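Chain by chain, the residues:
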Amino acid sequence: NAGVTQTPKFQVLKTGQSMTLQCAQDMNHNSMYWYRQDPGMGLRLIYYSASEGTTDKGEVPNGYNVSRLNKREFSLRLESAAPSQTSVYFCAATGRTEDNEQFFGPGTRLTVL
Amino acid sequence: TQLLEQSPQFLSIQEGENLTVYCNSSSVFSSLQWYRQEPGEGPVLLVTVVTGGEVKKLKRLTFQFGDARKDSSLHITAAQPGDTGLYLCAGGGDYKLSFGAGTTVTVRA
């Protein structure tokens, strides 16, 4: 039972390159999220998917797109990477339990040169 | 602008000392959560508080939710090096959470 997995763990891109961050969960949770974490700014929500087939913008969606491929998988795409997108990216999932716990993946550390 | 303000930003104490971390907002939350994050890992939930004035204890950690449900505190008694980490508070509605910037706690042996 792996929980939430993310690939890759590390990535270096040049400005203008594109890439997709992958996230999968094996907990059968309905809702999934993408956050970015920058020093001194906590976690900021990029996009979320309340349930399979739906996606919505979060606080900082510009420059990103998402796909909820199925209930398990939620990917984040950078079409044209910029240095401002250098960050650590976390995927999370929640199952609407009583305490609304979000389960996080281990993160992807992305550097854009 | 951060919806949830955490203070202090950094805290370094000696093993055995007590510490308190604060989380404040001008907004009312239906629930508030505390997470702990260790380097290279994702945050892990410590507790969820839902009732104004609620106090929850988790071993040496005591969590309090303000009466007006706008603020919360985390108190650690007799801190140990294993308590070192980034402590994040988070509040929100049905689907979305807003996170504070976090408090980095270092407990020196």
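All values reported here derive from a predicted model rather than from experimental measurement. Starting afresh in each chain, residues are numbered from 1 along the sequence in its written order. Labels are handed out in written order, letters beginning with A for the chains and numbers beginning with 1 for the ligands. Owing to the predicted nature of the model, reporting of local features is limited to residues with pLDDT of at least 70; listing and counting of side-chain atom pairs is limited to 80 or more, with chain, interface and lining totals taken over all residues. Side-chain measures here rest on the full set of heavy atoms in the structure, leaving out hydrogens and waters.

Trainee: Before we move on, could you go through the overall build of chain A and cite the residues and values that matter?
Mentor: Helix numbering and strand numbering both begin at the N terminus, where a helix is a DSSP run of H or I of at least 4 residues and a strand a DSSP run of E of at least 2. Within chain A, the secondary structure is distributed over 0 helices and 11 strands. From first element to last, N terminus to C terminus, chain A shows the α and β order β-β-β-β-β-β-β-β-β-β-β. Taking 2.2 N^0.38 as the reference for a compact globule, 113 residues should give roughly 13 Å; the C-alpha atoms of chain A span a radius of gyration of 13 Å, in line with that estimate. On the principal axes, the C-alpha backbone points of chain A span a range of 40 × 30 × 25 Å. Here, two residues are considered to be in contact whenever any of their heavy atoms come within 4.5 Å of each other. When contacts within chain A are restricted to residue pairs at least 6 apart in sequence, those whose partners lie at least 24 apart make up 54%. Throughout, the radius of gyration refers to the C-alpha atoms, and the reference size of a globule is 2.2 Å times the residue count to the power 0.38.

Trainee: Give me the lowdown on the pairing of strand 11 (residues 103-108) of chain B, citing residues and values where you can.
Mentor: Residue and element names in this part refer to chain B. Covered by surrounding structure in strand 11 are T103, V105 and V107 only, the residues T104, T106 and R108 on the alternate face being uncovered. Pairing between strand 2 (residues 10-14) and strand 11: 5 bridges, direction parallel. Counterpart to F10 in the pairing with strand 11 is T104. Whether a residue is buried, partly exposed or exposed follows from its accessible area with a 1.4 Å probe, protein chains only, as a fraction of its type maximum: under 20%, in between, or over 50%, in that order. For two strands to be treated as a pair, DSSP must find no fewer than two bridges joining them.

Trainee: If you had to explain the interface of chain B and chain A to someone new, which residues and values would you point to?
Mentor: Each partner contributes residues to the interface: chain B has 21 residues there, and chain A has 21 residues. Computed with a 1.4 Å rolling probe, the buried area is the accessible surface lost when two parts are put together, summed over both parts. Carbon and sulfur atoms make up 52% of the area that chain B and chain A hide from each other, which totals about 1700 Å². Together, Y95(B), K96(B) and F99(B) form the three largest contributors to the area buried by chain B at its contact with chain A, with a combined 31%. Throughout this description, the term salt bridge denotes a Lys or Arg side-chain nitrogen within 4 Å of a carboxyl oxygen of Asp or Glu. Our enumeration of links across chain B and chain A arrives at 0 salt bridges. In the analysis that follows, any N or O atom pair within 3.5 Å is treated as a polar contact, provided that within protein one partner can donate a hydrogen and the other can accept it, and provided that, for residues neighboring in sequence, both atoms belong to side chains. Taken together, chain B and chain A are joined by 2 residue pairs in polar contact (both at pLDDT 80 or more). Elements represented by at least two residues in the side of chain B that touches chain A include exactly strand 4 (32-37), strand 5 (44-49), strand 9 (85-92) and strand 10 (97-99) of chain B.

Trainee: Go over the environment of Y48(A) with me, naming the residues and quoting the values.
Mentor: Relative to the elements of secondary structure, Y48(A) occurs in strand 5 (residues 42-49). Judged by its relative accessible area of 10%, Y48(A) is buried. For Y48(A), the residues in contact, after removing those within four places along its chain, are M32(A), Y33(A), T54(A), T55(A), D56(A), K57(A), F74(A), Y95(B) and K96(B).

Trainee: Provide a residue-level description of the pattern of salt bridges, including the pertinent values.
Mentor: Tallying each qualifying case throughout the model produces 6 salt bridges over all chains. Notably, a salt bridge pairs R36(A) with D38(A), separated by 2.9 Å at the nearest N-O pair. Each member of the pair, R36(A) as well as D38(A), carries the same accessibility label: buried. Notably, a salt bridge pairs E38(B) with R36(B), separated by 2.9 Å at the nearest N-O pair.

Trainee: Which residues make up the nonpolar core, and what values do they have?
Mentor: Residue and element names in this part refer to chain A. The criterion is simple. A nonpolar core is a set of buried Ala, Val, Leu, Ile, Met, Phe, Trp, Tyr and Cys residues joined through side-chain atoms within 4.5 Å. Counting residues in each nonpolar core, the largest one holds 21 residues, and the members touching the most others are W34, I46, L76, L78 and Y89. Elements that contribute at least two residues to this core include exactly strand 3 (19-25), strand 4 (31-38), strand 5, strand 7 (64-68), strand 8 (74-78), strand 9 (87-94) and strand 11 (108-112). Apart from residues no more than four positions distant in its own chain, Y89 is found in contact with Q6, L21, W34, Y35, R36, I46, Y64, L76, L78, G107, T108 and L110.

Trainee: Report on the pairing of strand 1 (residues 4-7) of chain A, specifying residues and quantitative values.
Mentor: Residues and elements named next belong to chain A. Alternating residues of strand 1 divide into V4 and Q6, all buried, and T5 and T7, none buried. Note that strand 1 and strand 3 share 4 bridges and pair antiparallel. Paired with T5 across the two strands is A24, which belongs to strand 3.

Trainee: Describe the sheet that holds strand 3 of chain A, and please don't skip the residues or the numbers.
Mentor: Residue and element names in this part refer to chain A. Read across the sheet, 4 strands follow the order 1-3-8-7 without closing on themselves; strand pairing throughout is antiparallel. The strands lining the two open edges of the sheet, one partner per strand, are strand 1 and strand 7. Pairs of neighbouring strands in the sheet enclose a mean axial angle of 20°, with direction left out of account. Two elements, strand 7 and strand 8, share 5 bridges in a ladder whose sense is antiparallel. Its bridge partner being in strand 8, N65 is matched across the sheet by R77. Lines are fitted to the C-alpha atoms to define the axes, a helix being fitted only along its stretch in contact, and any angle between axes, read from their N-to-C directions, falls within 0 to 180 degrees.

Trainee: How would you explain the packing of aromatic side chains if you had to name every residue and give the values?
Mentor: Centres within 6.5 Å make a pair out of two Phe, Tyr or Trp rings, where for Trp the six-membered ring is used; the pair is then stacked when the planes are under 30 degrees apart, edge-to-face when over 60, and tilted otherwise. Summed over all chains, the structure comprises 9 aromatic pairs over all chains. Here the aromatic rings of Y33(A) and Y35(A) are separated by 6.2 Å at their centres, their planes lie at 25°, and the arrangement is stacked. Accessibility classification places Y33(A) together with Y35(A) in one group, the buried group. Site record: aromatic cluster; members linked through ring pairs are Y33(A), Y35(A), Y48(A), F90(A), F104(A), Y35(B) and F99(B).

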